[in-house]
Amino acid sequence: PLVTGVQTCALPISAGIAACAAAAWQNSRMTAAFPFVDRVRFEGPGTRNPFAFRHYDPDATVDGKPMRDHLRFAACYWHTMRNGLGDPFGMPTALMPWDDGTDAVTNCLRRADAFFEFLEKCSIDRFCFHDRDVAPEMATLRETNAVLDRVAEHFAARMQASGKRLLWGTACLFAHPRYMSGAGTSPDVKVFAHACAQVKHAMEVTHRLGGDGYVFWGGREGYSSLLNRDMPRDLAHMARLLHMAVDWKAELGFRGALFIEPKPREPSVHQYDFDAATVLGFLREHGLVGKVTLNIETNHATLAGHEMEHELRVAAAAGALGSIDANMGTPHCGWDTDQYPTDYALATRVMEVVLASGGFVHGGLNFDAKRRRESWRPEDLFHGHIAGMDAFAFGLKAAAALRADGRLAAALRARYTSWDSDLGRRIEQGGASFTELERLVADEHVGPPASGAQERLEDTWNAVVWDGRGRR
């Protein structure tokens, strides 16, 4: 049987694992949800221990700051504690002995206890959640808020005891049927009002728990057909919701940041918040620049047809890089696969931009990632997070080494040397005209620019990152 200590379980996996495993866990009087591990610690690159870090040493100093402060890792409640690993073609497979599958408050609290045990044992300092991850939807919003407040009190006590911190909170404005046509962009004004009320309370809870930020993720803010959608009106309504959130933040005295997360495609044919550039244009059009920054997700960059580095640099150039959903996807799949970020080169590219931007202020690296459906054991939660944390620890060290090496930065400066001339500066500052520039080049043969030397620079990047050549 899948569940240790359970002799028989005739229910299908989707219903049976939760009930049978939870019963076995409680009947066996286990004091730990994850008894197979004490605490994940740094053991160095040579370790063979699957419950140890090879690169992530939280207190090791990189560029004058401990790794933990550079990376600000956070576990997400939704994938870690609530994802049953079902898919459109199969029932859930995840073994979660601490969860009986009900909406009872006792089950919510037991699930929270398991989560804080996970954070402690996996050496993760922060977490994030949707309101509906931690507490269920009840008959009315008032009843729903009361249950959320009760669970939030339990979170506060566990946070105080453990020293864990909330990276950000958010509201689930996509799962309930009322949001089938969007939340902030719903054609129904009562649905819009419910969304605003839900955001209001989620912001209150985030504020009470000392969150560093609050995220707007428009899972269904899009359309399937323009035959039944007024796109300009939808966008104006979404902006109105954000303006009300900005106002409520000030009234609350919330000192955290507000983030909006670009989201392409899936599940709508077209998402209004398609990518970083689209969202920045929306913020500029509606007077929200400087009030809302961006939370960039790797898998969303993939679905938008971009590299993650592109999305990060677009946000950073606008001074709007706030936080990062650290995951990765499958480029050949048009779906948000939310895999753990185990690609060391990808992690290095991400950390290059983060370091160049001055590091995180309110944001961090949130593992918006889930196990594969075949990885159904609780142990696999640790393996996924350990792999992602080691990848980003390596990426941090490699990005710092690239900055210290300096050759790539020097090559980039050299390629733009002509723009540092008097002419270049006058053009950039608006002091030149078409007529002047025509006169300048009319009788001159303008040849090709200097070689971009892409291959040499790629080799230099590989040399510093992978084998340390040139590190001084």
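Described in the following lines is the structure provided in the data block. (Residues numbered from 1 in each chain as written. Predicted model: local features only at pLDDT ≥ 70, side-chain atom pairs only at ≥ 80, totals over all residues. Heavy atoms only, no water.)

## Here we look at the environment of threonine 298
Turning to step 1, where the next piece is worked out: With respect to the helices, strands and loops of the structure, threonine 298 is situated in helix α10 (residues 298-303).
Turning to step 2, where the next piece is worked out: Given a relative accessible area of 5%, threonine 298 falls into the buried group.
Turning to step 3, where the next piece is worked out: Residues contacting threonine 298, with those up to four places away along its chain left out, are Met308, Asp325, Asn327, Met328 and Leu346. (Helix = DSSP H or I, 4+ residues; strand = E, 2+ residues; numbered from the N terminus. Buried < 20%, exposed > 50% of the residue type's maximum accessible area, 1.4 Å probe, protein only. Contact = heavy atoms within 4.5 Å.)

## A look at the layout of surface pockets
Turning to step 1, where the next piece is worked out: Approximately 1,300 Å³ is the volume attributed to the largest pocket.
Turning to step 2, where the next piece is worked out: Mapped onto the lining of the largest pocket, the elements with two or more residues apiece are α3 (77-82) and α5 (131-134).
Turning to step 3, where the next piece is worked out: It is α3 that provides the largest number of residues to the lining of the largest pocket, a total of three residues.
Turning to step 4, where the next piece is worked out: By residue class, the composition of the lining of the largest pocket is 13 nonpolar, 10 polar and 19 charged.
Turning to step 5, where the next piece is worked out: Of the pockets and cavities examined, the second largest pocket occupies roughly 900 Å³.
Turning to step 6, where the next piece is worked out: Around the second largest pocket, the lining is made up of 27 residues, and of these Arg349, Leu408, Ala409, Leu412 and Leu457 lie nearest the centre.
Turning to step 7, where the next piece is worked out: Counting residues per element, the lining of the second largest pocket draws most heavily on helix α14 (residues 407-415), at seven residues.
Turning to step 8, where the next piece is worked out: Its residues assigned to classes, the lining of the second largest pocket comprises 13 nonpolar, five polar and nine charged. (1 Å grid on protein atoms, 1.4 Å probe; cavity = no way out; pocket = protein on both sides within 12 Å on 5 of 7 lines; lining within 4 Å. Points joined across faces, edges and corners; volume = space filled by probe spheres on them. Nonpolar A, V, L, I, M, F, W, Y, C, P; charged D, E, K, R; others polar.)

## Focus on the sheet that holds strand β8 (residues 213-216)
Turning to step 1, where the next piece is worked out: Pairing is parallel in the closed barrel, where eight strands are placed in the order β5-β6-β7-β8-β10-β12-β13-β14. Recorded for the sheet is a direction-independent mean angle of 30 degrees between the axes of neighbouring strands.
Turning to step 2, where the next piece is worked out: As defined by bridge partners, strand β5 (residues 73-76) adjoins strand β14 (residues 365-367) across three bridges and the pair is classed as parallel. When the sheet's bridge partners are listed, alanine 74 is paired in β14 with asparagine 366.
Turning to step 3, where the next piece is worked out: Helix α8 (residues 231-252) contacts β8 and β10 (257-260) of the sheet and is inclined by roughly 165 degrees relative to β10. (Pairing = 2+ DSSP bridges. Axes fitted to C-alpha atoms, helices over the stretch in contact; angles between N-to-C directions.)

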